[in-house]
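For reference, the chains in residue letters:
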Amino acid sequence: MRVVRGSLVLAFLCACSSGISDLPGEGSGGTSAGGAAPGPGAGGAQAMPGAGGQQTGPSSGGATGAGGSQTGPGAGGSETAAGGAGVPSGGSDAQPGSGGAETEPGTGGSDGAGGPKVTVVLAGDNVDMNGPLATTVEENLGFSGGGHILVRPTNITTEPNAKHPVVIWGPGGGTPPKDYLGLMTRMASHGFVVIGIRVSTGDSVLMSAAIDWLEDQNEDPSSPMYDRLIVDRVGVFGHSMGGLSSEATALADDRVATALLNNSGSFAHDALVNVSMPVGIIYGENGQERPNSEGDYKNATGPCWISMMAGGGHGSGPWDGAGANVAWMRWHIGGDNARKEAFLGSGGKFNNTGIWRTQFKNWDNWKNWNE
């Protein structure tokens, strides 16, 4: 059932263009302690939208080149995913593992009151690398104007009562979703079905439309994803402007269970005042989003976790923070409660360890959906 309370339009724009499609292992590129992230180039500052809300284009040096080829990162060279090159346009990406076959689904408790016990498909364990599942990329999904990307495990589970978790990604302003293919591929290789919307406008419209489309696939006997998706417990996450779309969708759409912001936050610092679900915020020490990220955390009234990446810039979250993105969604959407300690535990992987400078609040009375 689709239950959407409305959309929250936030006048916010970021023309970010980190232009990297593949991910290294955690900490091997992008942001490192003391180093700037491969963030936007000149012209990549946050800006209010102009008349009619049209987005500005990507900054110099970060755009997708003619014919759809992507430019590499700035000074420092190109990055490739561990184990090989990126996914060709419209193709599939064979991840490590024997033939790319699915691993056994992870545990995840029951899904929905009174329904059958559903096992959530979670593969692998190391969030800093691609998981063991082969992945498939489908470009130019046609809903709501087209231009969206689907990244999913190639072999959708056929196990009885096993289903894949779902997440929706919002790109930065002026940046195509394909520029984040490395992060989306890592998510899918861990068992997630991921849609990257074509553009982030700061409201909930396209993210909710993406969930609608996946609901239709889940109900269509001709779809390879028929009856194999968890569509009433969805994660939303995004970079810069995509983070604002995530905040708006968390407020507007009852199917959303968590939001994770990457280098983002509202100008008014009030987007999380009425959000009761768990929200995470990743930002860079030197990122232009810093005051907005910190302001949203300060005024959040629900469970909230925030971490500054030391030395990071405006592009730190989707690249060097990729492992945190996967771990967060495995925890909240997949029910992988062992990940809780990584964010909230003393000495946890993302709690005041290494480049992470962390705060959190309002977690004492919160329990995950399967606790």
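Only a predicted model underlies this, so the values are computations on that prediction, with no experimental measurement involved.

Caption draft 1: Focus on the overall build of the chain. Secondary structure summary: the chain contains seven helices and 13 strands in total. Across the 371 residues in the chain, those meeting the buried criterion constitute 58%. Expressed as a percentage of contacts within the chain between residues at least 6 apart in sequence, the contacts between residues at least 24 apart total 74%. Working note: accessible area of the chain is about 13300 Å², and carbon and sulfur atoms make up 50% of it.

Caption draft 2: Structural detail: helix 2 (residues 205–219). Spanning 15 residues, helix 2 covers 21 Å between terminal C-alpha atoms, matching the ideal 21 Å at 1.5 Å per step. Of all 15 residues making up helix 2, twelve are buried, and the element is well covered by its neighbours. Of the positions making up helix 2, those classed as buried are Leu206, Met207, Ser208, Ala209, Ala210, Ile211, Asp212, Trp213, Leu214, Glu215, Gln217 and Asn218.

Caption draft 3: Representation of the packing of aromatic side chains within the structure. One pass over the full model with this rule turns up 16 aromatic pairs. Measuring from ring centre to ring centre gives 5.1 Å for Phe350 and Trp356, while their planes differ by 80°; the resulting arrangement is edge-to-face. No difference in accessibility class separates Phe350 from Trp356, as the two residues are buried. A network of ring pairs unites the aromatic residues Trp305, Trp328, Trp331, Phe343, Phe350, Trp356, Trp363 and Trp366 as a single cluster. Taking NZ or CZ as reference, Arg233 lies 3.5 Å from the ring centre of Trp369, over its face.

Caption draft 4: Quick peek at the pattern of salt bridges. Considering all chains together, one arrives at eleven salt bridges under this definition. Put simply, Arg255 and Asp212 hold a salt bridge, and the shortest N to O gap is 2.8 Å. One end of the pair, Arg255, is in the loop between helix 3 (241–252) and strand 10 (256–262); the other, Asp212, is in helix 2, and 43 residues separate them in sequence. For the residue pair Arg255 and Asp212, the accessibility class agrees, reading buried in each case. Put simply, Arg290 and Glu294 hold a salt bridge, and the shortest N to O gap is 3.0 Å. Of the two residues, Arg290 and Glu294 are both situated in helix 4 (residues 290–299); the distance of four residues between them amounts to about one turn of the helix.

Caption draft 5: Focus on the environment of Trp363. Turning to its location among the elements, Trp363 is positioned in the segment after strand 13 (356–361). Sequence spacing of Trp363 and Trp305 is 58 residues, and the spatial spacing of their C-alpha atoms is 9.0 Å. Residues contacting Trp363, with those up to four places away along its chain left out, are Pro278, Pro303, Cys304, Trp305, Trp328, Trp331, His332 and Leu344. One polar contact links the side chain of Trp363 to the main-chain carbonyl oxygen of Cys304, over a distance of 3.0 Å. A polar contact is formed between the side chain of Trp363 and the backbone oxygen of Lys361, at a distance of 3.2 Å.

Caption draft 6: Representation of the nonpolar core in the model. Residues Met187, Trp305, Met329 and Phe343 are the most contacted members of the largest nonpolar core, which totals 41 residues. Elements supplying a minimum of two residues to this core: strand 6 (148–153), strand 7 (162–170), helix 1 (181–189), strand 9 (229–239), strand 12 (304–309), helix 6 (322–332) and helix 7 (340–344). In terms of residue count, helix 6 provides more of this core than any other element does, seven residues in total. Once residues lying within four places of it in the same chain are set aside, the contact partners of Phe343 are Trp305, Ala324, Ala327, Trp328, Trp331, Phe350, Asn351, Thr358 and Phe360.

Caption draft 7: Broad picture of the pairing of strand 10. Counting buried positions along strand 10 yields six of seven residues, so the element is predominantly enclosed. Pairing between strand 9 and strand 10: six bridges, direction parallel. From the neighbouring strand, Gly238 faces strand 10, where its bridge partner is Leu261. Since strand 9 and strand 10 lie parallel, the crossover through helix 3 that links them has a hand, and here it is right-handed.

Caption draft 8: Molecular detail of unusual backbone geometry. Unlike most non-glycine residues, Ser144 shows phi in positive territory, near 50°. Phi at Asn362 is positive, roughly 65°, even though this residue is not glycine. Note that Asn362 resides in the segment after strand 13. Judged by its relative accessible area of 40%, Asn362 falls in the partly exposed class.

Caption draft 9: Representation of the pairing of strand 6 in the model. Among the six residues that make up strand 6, six are buried, leaving the element largely enclosed by the rest of the structure. The antiparallel pairing of strand 5 (residues 135–141) with strand 6 creates a hairpin that spans six residues between the two strands, and Ser144 there sits at a positive phi of about 50°. Pairing analysis gives three bridges linking strand 6 to strand 8 (residues 193–196), with the strands arranged antiparallel. Note that in strand 8 the partner of Val151 across the bridge is Val194.

Caption draft 10: Examining the packing of helix 1 against helix 6 more closely. Two elements in contact, helix 1 and helix 6, have axes separated by 10 Å at closest approach and are oriented at 35°. Considering how the two elements wind past one another, helix 1 and helix 6 form a crossing that is right-handed. Across the interface between the two elements, Leu183, Arg186 and Met187 of helix 1 pack against Ala322, Gly323, Asn325, Val326 and Met329 of helix 6. Each residue belonging to the contact of helix 1 with helix 6 can be placed in one class, and the counts come to five nonpolar, two polar and one charged.

Caption draft 11: Seen up close, the confidence of the model for the chain. Put simply, the chain has an average pLDDT of 78, and 69% of its residues get 70 or more. Taken as a whole, residues 3–112 scores under 50 in pLDDT and shows 303 contacts with residues more than four places along the chain or in a different chain.

About the thresholds
Residues numbered from 1 in each chain as written. Predicted model: local features only at pLDDT ≥ 70, side-chain atom pairs only at ≥ 80, totals over all residues. Heavy atoms only, no water. Helix = DSSP H or I, 4+ residues; strand = E, 2+ residues; numbered from the N terminus. Buried < 20%, exposed > 50% of the residue type's maximum accessible area, 1.4 Å probe, protein only. Contact = heavy atoms within 4.5 Å. Areas by Shrake-Rupley, 256 points an atom, 1.4 Å probe, with all protein chains shown as cover. Expected span 1.5 Å × (residues − 1). Phe/Tyr/Trp six-rings, centres within 6.5 Å; stacked < 30°, edge-to-face > 60°. Lys NZ or Arg CZ within 6 Å of the ring centre and 35° of its normal. Salt bridge = Lys/Arg side-chain N within 4 Å of Asp/Glu carboxyl O. Polar contact = N/O pair within 3.5 Å; in protein donor to acceptor, adjacent residues only side chain to side chain. Core = buried A, V, L, I, M, F, W, Y, C linked by side-chain atoms within 4.5 Å. Pairing = 2+ DSSP bridges. Right-handed = clockwise from strand over helix to strand, strands pointing away. Axes fitted to C-alpha atoms, helices over the stretch in contact; angles between N-to-C directions. Left-handed = near helix turned anticlockwise from the far one by under 90°. Nonpolar A, V, L, I, M, F, W, Y, C, P; charged D, E, K, R; others polar. pLDDT = per-residue confidence, 0-100.

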